[in-house]
Amino acid sequence: MKYITAFFMAWGNFLAIPCPRKIWNGEYKNLMLAMLPSVGLVHGAIVALLFGILVITVFPVYVTGFIVTLAVFGLCGFIHLDGFMDCCDAILSRRPLEERQRILKDPNTGAFAVVSVIFLILCWFACAVDLTEAVLLSAMKEILSGGGSLFGVSPGESAAAALLLIPVFSRGMGGLFVLTYDPIGHSQYVEDAARDDRGSCRTVIAIQLSLYTAIIAIIWLFTCGGVPLTALGAAVMTSLGAYAGCAYARKQLGGMSGDIAGYSICMGEAAGLLSFIAMIHLVF
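Basis of the calculations
- Just so you know, the residues in each chain are numbered from 1, in the order the chain's sequence is written.
- Under the rules for a predicted model, residues below a pLDDT of 70 receive no local features and side-chain atom pairs below 80 are neither given nor counted, while totals for whole chains, interfaces and linings still include all residues.
- As a convention, hydrogens and water are excluded, and side-chain values are obtained from all of the structure's heavy atoms.
- In this description, a line fitted to the C-alpha atoms serves as the axis of each element, helices being fitted only across the stretch in contact, and the angle between N-to-C directions of two axes falls anywhere from 0 to 180 degrees.
- Only DSSP runs of H or I reaching four residues or more are called helices, and only runs of E reaching two or more are called strands; each is numbered from the N terminus.
- Our angle categories are set so that under 35 degrees counts as roughly parallel, over 145 as roughly antiparallel, 65 to 115 as roughly perpendicular, and the remainder as oblique.
- Working rule for handedness: look at the near helix, and if it is turned counterclockwise from the far one by less than a right angle, call the crossing left-handed; if clockwise, right-handed.
- Contacts between residues were defined by any pair of non-hydrogen atoms, one from each residue, lying within 4.5 Å.
- When a residue's accessible area, from a 1.4 Å probe over protein chains only, is under 20% of the maximum for its type it is buried; when over 50% it is exposed; and in between it is partly exposed.
- For the purpose of counting charges, residues Lys and Arg are taken to be positive, whereas Asp and Glu are taken to be negative. His and the chain ends are not included.
- When a carboxyl oxygen of Asp or Glu lies within 4 Å of a side-chain nitrogen of Lys or Arg, that pair is called a salt bridge.
- Pairing of N or O atoms within 3.5 Å defines a polar contact, subject to two protein rules: one partner must be a possible hydrogen donor and the other a possible acceptor, and residues neighboring in sequence count only if both atoms are side-chain atoms.
- Multiplying 1.5 Å by the helix residue count minus one yields the expected span of that helix.

Engineer: Would you mind going over the packing of helix 8 (residues 155–178) against helix 10 (residues 229–253) with me for this structure?
Structural biologist: Direction vectors running N to C along helix 8 and helix 10 enclose 25 degrees, while the axes themselves pass 8 Å from each other. Relative to helix 10, the element helix 8 is oriented roughly parallel. Once helix 8 is placed against helix 10, the crossing between them reads as right-handed. The segment helix 8 lies against helix 10, with Ser-158, Ala-161, Ala-162, Leu-165, Ile-166, Phe-169, Ser-170, Met-173 and Phe-177 engaging Thr-230, Ala-231, Leu-232, Ala-234, Ala-235, Thr-238, Ser-239, Ala-242, Tyr-243 and Cys-246.

Engineer: Please explain the side chain of Arg-198 as it appears in this structure.
Structural biologist: Along the chain, the position of Arg-198 falls in helix 9 (residues 198–224). Although Arg-198 lies buried, it forms no salt bridge, and the closest oppositely charged side chain, Asp-182, sits 4.5 Å away as judged by the N-O distance. Side-chain polar atoms of Arg-198 contact the backbone oxygen of Leu-179, separated by 3.3 Å.

Engineer: Please explain the environment of Leu-209 as it appears in this structure.
Structural biologist: Tracing the sequence through the fold places Leu-209 in helix 9. When its relative accessible area of 12% is taken as the criterion, Leu-209 is described as buried. Sequence separation of Leu-209 and Pro-228 is 19 residues, and the distance between their C-alpha atoms is 16 Å. With sequence-adjacent residues up to four places away left out, Leu-209 is seen in contact with Pro-37, Val-168, Phe-169 and Gly-172.

Engineer: It is not clear to me how helix 9 should be interpreted in this structure. Could you clarify?
Structural biologist: Residues spaced three or four apart along an α-helix point in a common direction, a consequence of the helix completing one turn every 3.6 residues. Counted at 1.5 Å a residue, the expected span for helix 9 with its 27 residues is 39 Å, and the 38 Å between its end C-alpha atoms agrees. Taken together, the buried positions of helix 9 are Arg-198, Cys-201, Val-204, Ile-205, Gln-208, Leu-209, Tyr-212, Ile-216, Ala-217, Trp-220 and Cys-224. A positive phi of about 90 degrees marks Gly-225, the residue just after helix 9.

As structure tokens, this is what we get:
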């Protein structure tokens, strides 16, 4: 029961979609963070379904790119994007540590945040457009020549798996970082860092990441005739990108916080998507 409670707590906090069961238990705050991979799965399933519908109906590629980009950030209520912007404002100010930490908590939006978020959104939009074109082109090739797949998995099928796995791993890594590293003094997670359940919560995250990866691989194997290797590669790159982003932000800001978790999630997803696009063009 506590895992169900923690899952709906995470849903209510990290998804803008109306939560089917609004419950809260302050004792489960760390476990709530441990359920972030499951929240990522819900998020990814909606984005993947939306992308599939737009591609199947042959929606204009630029409109598809816009809708997918809006869904990626909007479904979570822009909460991770907010952390990304706060961190960019603080880090790129190049001020002393105390001043960077003050900027991190400043509610005002600075120029560095605006510039950084523009490039992040452009990255997602460009990748979404490119992915749409690649999937449509591959579908045309399959119709004309029967080609365009790797071990039985087409680019469209791989894209669906990637859109599922990228948010699972980005959010899983974000939760893992908060449950592992010492928080900044003003972080909302200072009190929870003293709890003795952080180790077991990290295990819960690892189990979810392994379980969801195995389930998706098995489903794709039996329904599509192969394992989506490019999507699995994107999941690995998402994890590495999130880790690099978190390590850099923690070094610059002197500890861990919710904003840094959001920053690492955005950086990880950008790394995962860019690497997936690269693999799609190399393989198919």
